[in-house]
Each structure stands twice: as structure tokens, then as C-alpha cells.
Amino acid sequence: MVFHIFISFLSPPLLNETHIWLVVSILRIVTKAALPHTQHGLRTSTQIYFVFSALIILLCVICTNVLHRLPMIRYYRNRKHNNNSHMSISSNFWDVVKKIRWLVTAVFVTYVVSLSIFPGYLSENVKSDYFKDWYPIILITTFNVGDFLGKCLTAIYVPNGSKGTVWCCMARVLFYPLFMECIHGPKWMHSEVPVVVLTLMLGVSNGYLTSVLMILAPKSVPIEEAEVVGIAMETGLVIGLVVGSAFGWLWNLEH
């Protein structure tokens, strides 16, 4: 439970800090293996998590202040400030959203599916007699590794058009019946291999499709509207996070 709280506390709205998720997963594996499963061990593990998160936040604050002082950042800020022809975000926001409405919908659906399954279903609804209490940790780490690999795949291939990507995002709803089969399906679906494979696919598709959407969205509008596109995509993503987290509670109805 402390592990899940820590993830929620540390993760930013965009969840782009995939490296942090991986580090936290590795940290959880190390603390579970090294610390005793006692009240003192859990307290020490909690302290390690939140000290680590405090250090990360401090590092982000320092980097943010240093970033604003870089010559390149100052140059573009001054350029934007001196440009009197820049567009009004408030008056053009919905016009831009109409242009990318399917991309916003796709990123929304992507995170609804991901957050309604991860981490709630993976930590509470599947059991393993072999891995025992290590099983949720293994599944969460598998998702984080898959998410990281998915983001890395965009360095190899990014589709030119967005239509196929949008359909792939919509097709991720098929994960629901597949994961349901891991609970109510045939006996072989209850084993560890199908659940781990599905979890890896969930993570890879989440990382890859999110990155592709964020790459394609600004390219689908004129450059002066790119900033508004970023706001629109972030809004759709955050709403997807909230709705997906709320839907995650529905798995509890299975008990």
C-alpha cells in the first residue's frame, strides 16, 4: 500500500517521468528483499520512499530555476514577448481543439484504459501461489518496464498519419475482456504467464501510443497553435487519468 501511495504522490500529471517509475519499482524490490516484513521494516521502507521523493522534488526545483537562466530559454522568451502577433489562447483554444479532437479523445481513452487496470487490478485482483506477495510488485515493474520500452520505440518508428494511431488507442479497450478472462476465464488464463504478457503489452502500448500522439498532435496544426495543442492534449490526458483512476475501483465489485 505504501508503494502505491508513493507512486501517486511522486508521479506528475503527465506521467512522462518513466525513469522515476522504473527507479521506484527497483527501489521497492530492493527494500522488500533487504528489509524484514515487520512494522519496523515497513516504517523504514516508507521513510526511504518519501526521502527519495523529496530529493527528486528538490532536484526538479533546482533544475527549473537553472533552466530559466539558460541563454536559449531567455532568447525564446524574449522573442515571444516581443512578438505582438502571437495568437490569443483563450479565443482560439476551442478552434484548435476541434482540429485535434480525435487525438485528444485518443489520449483520453489511452489513459482511461491504463489507469483503470494499473495499478489497482494488478495489485489486488490477481494472485499467484508461486510468487505470493511478490506478484503485485513484479506486475507493476513489468508495466513500468513496458511503458519505458514503448516510449523508446518512438525513436525507431513514428507513423506519418494519426488515423491508425487513434484506432489503436480505441482498440485498447480489448484489454478489459482479456484481463477479465484472467479472473473468470479458463484455468490456463489464471496462470502467471498470460497476466505478465498482458501487463507488458498494456505498458508498451501505453508508452508508445502516448508518445506518438504527443509527437503527431503539434504537427497537425500551424506552428503558432502548437502551444495550445500542448494544453489541449495535457487536458485530455489528465482527465483520462482521473476517470481511469475512478474506474479502477470497479474491479472491487468482483469481490
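Residues numbered from 1 in each chain as written. Predicted model: local features only at pLDDT ≥ 70, side-chain atom pairs only at ≥ 80, totals over all residues. Heavy atoms only, no water.

1. As for the packing of aromatic side chains
Step number 1: For the structure shown, the criterion picks out five aromatic pairs.
Step number 2: Arranged with centres 5.0 Å apart and planes meeting at 80°, the rings of Phe93 and Trp94 form a pair that is edge-to-face.
Step number 3: According to the relative accessible area criterion, Phe93 is buried, its value standing at 17%.
Step number 4: Classification of Trp94 as exposed rests on a relative accessible area of 60%.
Step number 5: Look at Phe175 and Phe179: their rings are 6.2 Å apart centre to centre, the planes differ by 40°, and that puts the pair in the tilted class. Taken as a pair, Phe175 and Phe179 lie in helix 10 (residues 175-184) at a separation of four residues, close to a single helical turn.
Step number 6: The buried category is assigned to Phe175, whose relative accessible area is 7%.
Step number 7: On the accessibility criterion, Phe179 (0% relative accessible area) is buried. (Phe/Tyr/Trp six-rings, centres within 6.5 Å; stacked < 30°, edge-to-face > 60°. Buried < 20%, exposed > 50% of the residue type's maximum accessible area, 1.4 Å probe, protein only. Helix = DSSP H or I, 4+ residues; strand = E, 2+ residues; numbered from the N terminus.)

2. Quick word on the packing of helix 6 (residues 101-117) against helix 9 (residues 163-171)
Step number 1: Running from N to C, helix 6 and helix 9 point in directions that differ by 30°, and their axes come no closer than 8 Å. It follows that helix 6 is roughly parallel to helix 9 by the angle criterion. Crossing hand, helix 6 versus helix 9: left-handed. On the side of helix 6, the interface is formed by Trp102, Leu103, Thr105, Ala106, Val109 and Thr110, while helix 9 contributes Val166, Cys169 and Met170.
Step number 2: Classifying every residue of the contact of helix 6 with helix 9 gives seven nonpolar, two polar and no charged. (Axes fitted to C-alpha atoms, helices over the stretch in contact; angles between N-to-C directions. Parallel < 35°, antiparallel > 145°, perpendicular 65-115°, else oblique. Left-handed = near helix turned anticlockwise from the far one by under 90°. Contact = heavy atoms within 4.5 Å. Nonpolar A, V, L, I, M, F, W, Y, C, P; charged D, E, K, R; others polar.)

3. Focus: helix 9
Structural remark: α-helix, 3.6 residues per turn; residues separated by three or four positions point the same way.
Step number 1: Those residues of helix 9 that fall on the buried side of the exposure criterion are Thr165, Val166 and Cys169. One side of helix 9 carries all its buried residues, which in axial view fall inside an arc of 100°. Facing away from the buried surface of helix 9 by more than 90 degrees, the exposed residues are Lys163 and Trp167. (Arc of directions from axis to C-beta.)

4. Details of the confidence of the model for the chain
Step number 1: Of all residues in the chain, 84% attain a pLDDT of 70 or more, and the chain-wide mean is 81.
Step number 2: Taken element by element, the predicted model of the chain shows its lowest mean pLDDT in helix 1 (residues 2-10) (38) and its highest in helix 9 (95).
Step number 3: Below pLDDT 50 for its whole length, residues 1-16 participates in 40 contacts with residues either more than four positions away or in separate chains. (pLDDT = per-residue confidence, 0-100.)

5. Things to note about the pattern of salt bridges
Step number 1: The tally for this structure, following the rule as stated, stands at three salt bridges.
Step number 2: Put simply, Glu225 and Lys99 hold a salt bridge, and the shortest N to O gap is 3.0 Å. Placement of the pair is Glu225 in the loop between helix 11 (192-219) and helix 12 (226-247) and Lys99 in helix 5 (residues 89-99), with a sequence separation of 126 residues.
Step number 3: Looking at Glu225, the relative accessible area reads 12%, which means it is buried.
Step number 4: Its salt-bridge partner being Asp147, residue Lys151 comes within 3.1 Å of it at the nearest N-O pair. In this pair, Lys151 and Asp147 are both assigned in helix 8 (residues 135-153), four residues apart and thus about one turn of the helix distant. (Salt bridge = Lys/Arg side-chain N within 4 Å of Asp/Glu carboxyl O.)

6. Considerations on unusual backbone geometry
Step number 1: Non-glycine residue Lys132 carries a positive phi angle of around 55°.
Step number 2: Inspection of the secondary structure puts Lys132 in the loop between helix 7 (120-124) and helix 8.
Step number 3: For Lys132, a relative accessible area of 56% gives the class exposed.

7. With respect to helix 6
Step number 1: Its 17 residues place the ends of helix 6 25 Å apart at the C-alpha level, agreeing with the 24 Å of an ideal helix rising 1.5 Å per residue.
Step number 2: Summarising burial for helix 6: 13 of the 17 residues are buried, a large majority. (Expected span 1.5 Å × (residues − 1).)

8. Observations concerning the packing of helix 10 against helix 11
Step number 1: Here helix 10 crosses helix 11 at 160°, and the two axes come no closer than 10 Å. Between helix 10 and helix 11, the interaxial angle falls into the category roughly antiparallel. Like other packed secondary-structure pairs, helix 10 and helix 11 cross with a definite hand, here left-handed. Each of Phe175, Leu178, Phe179 and Cys182 in helix 10 lies in contact with helix 11, whose residues at this interface are Val195, Leu198, Thr199, Met201, Leu202 and Ser205.
Step number 2: Counted by class, the contact of helix 10 with helix 11 contains eight nonpolar, two polar and no charged residues.

9. Things to note about a nonpolar patch on the surface
Step number 1: On the surface, a nonpolar cluster with roughly 610 Å² of combined accessible area is contributed by Val51, Leu55, Leu58, Ile62, Val66, Leu67 and Leu70.
Step number 2: Tracing the chain through its elements places Leu58 in helix 3 (residues 39-67). (Patch = residues over 30% accessible without salt bridge, like charges linked within 9 Å, V, L, I, M, F, W, Y side chains within 5 Å. Areas by Shrake-Rupley, 256 points an atom, 1.4 Å probe, with all protein chains shown as cover.)

10. Description of the state of the cysteines
Step number 1: This structure, assessed with the given rule, holds zero disulfides.
Step number 2: Cys60 provides the cysteine sulfur closest to Cys63, a residue in no disulfide bond, and the two sulfurs are 6.7 Å apart. (Disulfide = S-S within 2.5 Å.)

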